[in-house]
Amino acid sequence: MNPYVLMILLSSLGLGTTLTFASSHWLLAWMGLEINTLAITPLMAQHHHPRAVEATTKYFLTQATAAAMILFASTTNAWMTGEWNITDLSDPLANTMFMTALALKIGLAPMHFWMPEVLQGLDLLTGLILSTWQKLAPFALIIQTAQNIDPLLLTLLGVTSTLVGGWGGLNQTQLRKILAYSSIAHMGWMIIVIQYAPQLTLIALGTYIVMTSAAFLTLKTSLTTTVNTLATTWSKSPILTATTALVLLSLGGLPPLTGFMPKWLILQELTKQDLPIIATIMALAALISLYFYLRLCYAMTLTISPNTTNSTTPWRTQTTQTSMPLTLFTMATLGLLPMTPTILMLAT
């Protein structure tokens, strides 16, 4: 892609998200979301592969549907209350419609069906943008309006997403689909606690972005997209293989890695709010997710690939890719748990 075109598209992505962050008027927020969608569409279709074009079409249709619902919800709210302000979302119908639209935008279950299919058709860097940056603007709107939305709806979305995210990733062999289901499960953790402690949602979102970035950049460095090719990486770069296994376990939420922090704090908050059953369901759903991360770790570090090739196995292959972002994200993914009190203090 032409570097000037790429610069314009990435700048538009930043502009769309910033516009949604800064807006207090519904139309401006909607405009920011639309700029975001239009900017990422050419990035998704840049390889001109039929699967990439199909993924782009699916993404565009779902995002356009969600944007139309947001516009309809905000217009309904303005009609009923005479207010265009984002925080004055007092009409119950507009509330529910708005939350449904944003759930469709970020891929919460049961509006998640587009997410694995779209992510499967993209290259790893565009998939990284879709899984991280594209979640920021909708989450900014959800956090601003969470207090007006029906708590039962938020709880249902959260619990369903964690269960579907764990269940859906169990028998997948494609790593991008596994990361898509992982994303759905993490979104569920963020939504479940947003009505009680929005700062914990921000912490969970921050750690999710760091961990997912580390996972995608690792896969890009080792050029792997399936579990089978993942099993061959140990001979190419053993150190990267070891850190990848730890990154996956961090995504699963095992202590003493960073991924344990948001899950620990969210379960603590749910028990404080007298919701032990929901906290138990969430913890059990996290165990389902942990199973497929462990399966990846097993395939990566404890098995030798069954592929028989006549060529010599590449040993310690050199890469020309820049490794600084991968190093920083991996370090953050593995070692931020001791910083929990500081992060909590900064968030509150």
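Values in this document were obtained by computation on a predicted structure and should not be read as measured data.

What follows concerns the UniProt feature "transmembrane region" (unreviewed entry) in the protein chain. With numbering matched to this structure, UniProt assigns "transmembrane region" (unreviewed entry) to residues 60-80, 92-115, 152-171, 178-196, 202-219, 239-257, 277-294 and 326-347. Span residues 178-196 is 84% helix and 0% strand, its end C-alpha atoms 29 Å apart. The span residues 326-347 is 82% helix and 0% strand, and its two end C-alpha atoms sit 25 Å from each other.

So, on to helix α13 (residues 238-252). Over its 15 residues, α13 extends 21 Å from the first C-alpha to the last, a length consistent with the 21 Å expected when each residue adds 1.5 Å. For α13, every residue scored as buried is listed here: Leu240, Thr241, Thr244, Ala245, Val247, Leu248, Leu249, Ser250, Leu251 and Gly252. On its buried side, α13 packs onto α9 (175-193), α10 (198-222), α12 (233-236), α14 (260-272), α15 (276-301) and α16 (324-335). The first or second residue beyond α13 is Gly253, which carries a positive phi of 90°.

Let us now look at the domain arrangement of the protein chain. Splitting the protein chain by domain gives domain 1 (1-149) and domain 2 (151-308 + 321-347). Here the C-alpha centre of domain 2 lies 23 Å away from the C-alpha centre of domain 1. In this assembly, 30 residues from domain 1 lie in contact with 35 residues from domain 2. Across the domain 1 to domain 2 interface the summed buried area is about 2800 Å²; carbon plus sulfur atoms make up 79%. Contact with domain 2 buries surface across domain 1, with Gln120, Leu124 and Phe139 losing the most and accounting together for 23% of the total. Joining domain 1 to domain 2, the criterion identifies 1 salt bridge. With a closest N to O distance of 3.6 Å, Glu117 and Lys177 form a salt bridge. Linking domain 1 with domain 2 are 5 residue pairs in polar contact (both at pLDDT 80 or more), by the criterion used here.

This brings us to the pattern of salt bridges. Two side chains with opposite charge may pair up if their charged atoms get near one another. Applying the stated criterion across every chain yields a total of 3 salt bridges. The partner of Lys58 in a salt bridge is Glu54, and the shortest N-O contact between them spans 2.8 Å. A residue pair is termed a helical-turn pair when its members lie 3 or 4 positions apart in one helix, as Lys58 and Glu54 do in helix α3 (residues 50-81) at 4 residues. Its salt-bridge partner being Lys58, residue Glu117 comes within 4.0 Å of it at the nearest N-O pair. Of the two residues, Glu117 sits in helix α5 (residues 114-120) while Lys58 sits in helix α3, which places them 59 residues apart along the sequence. Counted as one network, the salt bridges with shared partners bring together Glu54, Lys58, Glu117 and Lys177.

Moving on, we get to the side chain of Ser182. Relative to the helices and strands, Ser182 resides in helix α9. Overall, the relative accessible area of 1% leaves Ser182 in the buried class. Not counting the four nearest positions on each side in its chain, Ser182 is found in contact with Leu251 and Tyr293.

So, on to unusual backbone geometry. Cis geometry marks the peptide bond from Ala109 to Pro110, where omega comes out at 5°. Counting through the fold element by element, Pro110 comes out in the loop between α4 (92-106) and α5. Backbone torsion omega between Pro255 and Pro256 reads 5°, so that peptide bond is classified as cis. Within the secondary structure, Pro256 is located in the loop between α13 and α14. The backbone of Leu223 sits at a positive phi, close to 55°, despite the residue not being glycine. Here Leu223 shows up in the loop between α10 and α11 (227-230). A positive phi angle, near 60°, is found at Asp274, a position not held by glycine. Mapped onto the fold, Asp274 is located in the loop between α14 and α15. Given the relative accessible area of 65%, Asp274 is considered exposed.

Running from N to C, α10 and α13 point in directions that differ by 150°, and their axes come no closer than 10 Å. What the angle tells us is that α10 and α13 run roughly antiparallel. For α10 against α13, the interelement crossing comes out left-handed. Contact residues: α10 offers Met211, Thr212, Ala214, Ala215, Thr218, Thr221 and Ser222, while α13 offers Leu240, Thr244, Val247, Ser250 and Leu251.

Definitions and cut-offs
Residues numbered from 1 in each chain as written. Predicted model: local features only at pLDDT ≥ 70, side-chain atom pairs only at ≥ 80, totals over all residues. Heavy atoms only, no water. UniProt positions renumbered as here; feature names shortened; annotations may be inferred. Helix = DSSP H or I, 4+ residues; strand = E, 2+ residues; numbered from the N terminus. Expected span 1.5 Å × (residues − 1). Buried < 20%, exposed > 50% of the residue type's maximum accessible area, 1.4 Å probe, protein only. Contact = heavy atoms within 4.5 Å. Domains from an automatic or database assignment. Buried area = accessible area lost by both parts, 1.4 Å probe. Salt bridge = Lys/Arg side-chain N within 4 Å of Asp/Glu carboxyl O. Polar contact = N/O pair within 3.5 Å; in protein donor to acceptor, adjacent residues only side chain to side chain. Axes fitted to C-alpha atoms, helices over the stretch in contact; angles between N-to-C directions. Parallel < 35°, antiparallel > 145°, perpendicular 65-115°, else oblique. Left-handed = near helix turned anticlockwise from the far one by under 90°.

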